[in-house]
Structures are given as structure tokens and as C-alpha cells.
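An overview of the molecular structure
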Amino acid sequence: MTSSALRRAGRLLAVVVMLGFAAVLGAGPAAAHSVLLQTSPTRGGTVATAPASVALTFNEMPQGEFSTIHVTGPDGQRRDSGHVQVVNDVVNESFAGTRPAGRYVVDWRVVSADGHPVSGEFTFSARSAAPALAVIGVPMPSSHVDNSPFNGGTIIAIVAGVIVFGGLIVFLLRRKPSSRSSADHE
């Protein structure tokens, strides 16, 4: 191979590698961590009576099977049912048992669409108690559907493809010319 052909092949390899990295880095919202946009009850807010549930709205749909929300009541006791429900970008946790008046602490952890855990905490207050709720013993189904075209497996496949393709180009550029091509140059 001539030096100009090697330079062109090297440029082609560089373009392919850059396109592969651009595809992985620019994968869109699925490559970003979930961001909490809104809570119900409102963070730091006060409600008239203790609610039956809390809802957290994110910028994307988190993975339901690994998401948790723990709600601690004013008396230091857990008030959540322990079974989150994910519908689109909202994670909901129902309460169980009594719901006294006072300050509640909501401790949450969700797993982003890209597989990274994100967590946080917020508080809200209730001016008056609410009637007791039944303790839920059966988990609520999670409505998790991954509609993302760039989930973790897709990104890994893209990176692997770029590496294999780049390795093939390097192999082809470095292999020794056959005796036929040597004879052609003589």
C-alpha cells in the first residue's frame, strides 16, 4: 500500500472512531441520569391532611424494579407501603397504616434509564391527621416499559461495533502485501 493510501485509510479510521464516539456520547436522554422535576406533595410544602401517597415526577421514565421510596412519619415510623408504582415518568408510593399530623420525610432512590442510581430526600408537613389506610401486603405491579432506542445494551453494542470495525481496519492496513501485489509493483 502506498503512503497516500495509508493516510486515506488512517483518516477513514479516525472518522469512523469519531462517529462511533459521537453516537455513544450523543445518545440522547437515555444516556443522562434521571432528574427529579416535581413532587406531590410539594417539597417543603404543607398540606391540609396527610396524603394517601407521594408522587415523584422525573424527566424520563426510571426503572421501576429497582426504585424505592421510603416515607417516615412525624413519629419516626415508616408510613410507606413499600411497593412503588412507575407510570411513564412518575414514581408513586402509597401510604399504609396511620397518617398523623406533622412533618414527613421522603427518602427516594430510582434507577435511571441508563442504569445509574439517583437518590434524594425532601420533606412536607400535614396540618391534620388522616384516617388509617390498610396495610398493603401484595406488591403493586410496576408499569415499566423501556421505550428508549438507546438503552445500556444498545450503547455497549455501538461501542463494541466501533472497536471491532476499527480493529478490522487497522488489521487490513498492517497486513503484509501478498506476493501478487509485490509482483505488480516490480
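Here, the structure is the one placed above.
1. Things to note about the overall build of the protein chain
A tally of regular secondary structure across the protein chain gives three helices and ten strands. When burial is assessed residue by residue, the protein chain has 33% of its 186 residues classed as buried. For the protein chain, the share of sequence-separated contacts (at least 6 apart) that also reach a separation of at least 24 residues comes to 68%.

2. Comments concerning the side chain of Thr39
Relative to the assigned elements, Thr39 resides in strand β1 (residues 36–40). You can call Thr39 buried: its relative accessible area is 6%. Here the side chain of Thr39 touches Pro41 through a polar contact of 2.8 Å, landing on its backbone oxygen. From its side chain, Thr39 meets the backbone nitrogen of Arg43 in a polar contact 2.9 Å long. Every residue in contact with Thr39, bar those within four places of it in the chain, is listed here: Ala55, Leu56 and Phe122.

3. Quick look at the sheet that holds strand β8 (residues 102–111)
Backbone-to-backbone hydrogen bonds join strands into a sheet, with any given pair of strands oriented parallel or antiparallel. The four strands are arranged β2-β9-β8-β4 in an open sheet whose pairing can be described as mixed. The strands lining the two open edges of the sheet, one partner per strand, are β2 (46–49) and β4 (63–72). Pairs of neighbouring strands in the sheet enclose a mean axial angle of 30°, with direction left out of account. In this sheet, strand β9 (residues 117–128) lies alongside β2 in parallel orientation, the contact comprising three bridges. Paired with Thr49 across the bridge in β9 is Ser128.

The rules we used
- Residues numbered from 1 in each chain as written.
- Predicted model: local features only at pLDDT ≥ 70, side-chain atom pairs only at ≥ 80, totals over all residues.
- Heavy atoms only, no water.
- Helix = DSSP H or I, 4+ residues; strand = E, 2+ residues; numbered from the N terminus.
- Buried < 20%, exposed > 50% of the residue type's maximum accessible area, 1.4 Å probe, protein only.
- Contact = heavy atoms within 4.5 Å.
- Polar contact = N/O pair within 3.5 Å; in protein donor to acceptor, adjacent residues only side chain to side chain.
- Pairing = 2+ DSSP bridges.
- Axes fitted to C-alpha atoms, helices over the stretch in contact; angles between N-to-C directions.

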